[in-house]
Amino acid sequence: MDRVAHGTSNRGAQHGMSKLSEEQAREIKRLAAAQPHQDIAEGFGVSRRTVRDIATGRRWGWLEG
């Protein structure tokens, strides 16, 4: 939590392996309520599981909106 508070955490888009920006994660979260997860996954180049995890807050859970 100290790294998060000081802005030195590597979570989200700052992680070296991240394929998504924060804005894309927010968009996935918004779309997941109305569209099939497979369609969203194909559009963003990620797996269906990643879309599900973002929609449920398991990944990118700190994002609002």
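In this report, the structure presented in the accompanying data block is examined. (Residues numbered from 1 in each chain as written. Predicted model: local features only at pLDDT ≥ 70, side-chain atom pairs only at ≥ 80, totals over all residues. Heavy atoms only, no water.)

## Side note on the pattern of salt bridges
The tally for this structure, following the rule as stated, stands at 4 salt bridges. Residues Glu27 and Arg30 are paired through a salt bridge, measuring 2.5 Å at the closest nitrogen-oxygen approach. Here Glu27 pairs with Arg30, and both are found in helix H2 (residues 22–31), just 3 residues apart, close to one helical turn. Since its relative accessible area comes to 52%, Arg30 is described here as exposed. (Salt bridge = Lys/Arg side-chain N within 4 Å of Asp/Glu carboxyl O. Helix = DSSP H or I, 4+ residues; strand = E, 2+ residues; numbered from the N terminus. Buried < 20%, exposed > 50% of the residue type's maximum accessible area, 1.4 Å probe, protein only.)

## Observations regarding H2
Burial in H2 covers these residues: Ala25, Ile28 and Leu31. All buried residues of H2 lie within an arc of 130° about the axis, which places them on one face of the element. Every exposed residue of H2 that faces more than 90 degrees away from the buried side is listed here: Glu23 and Arg30. (Arc of directions from axis to C-beta.)

## With respect to the side chain of Asp53
Along the chain, Asp53 turns up in helix H4 (residues 48–56). In this view, Asp53 contacts Arg58 and Arg59; residues no more than four positions away in its chain are not counted. (Contact = heavy atoms within 4.5 Å.)

Everything listed here is a matter of geometry and, on its own, says nothing about what the molecule does.
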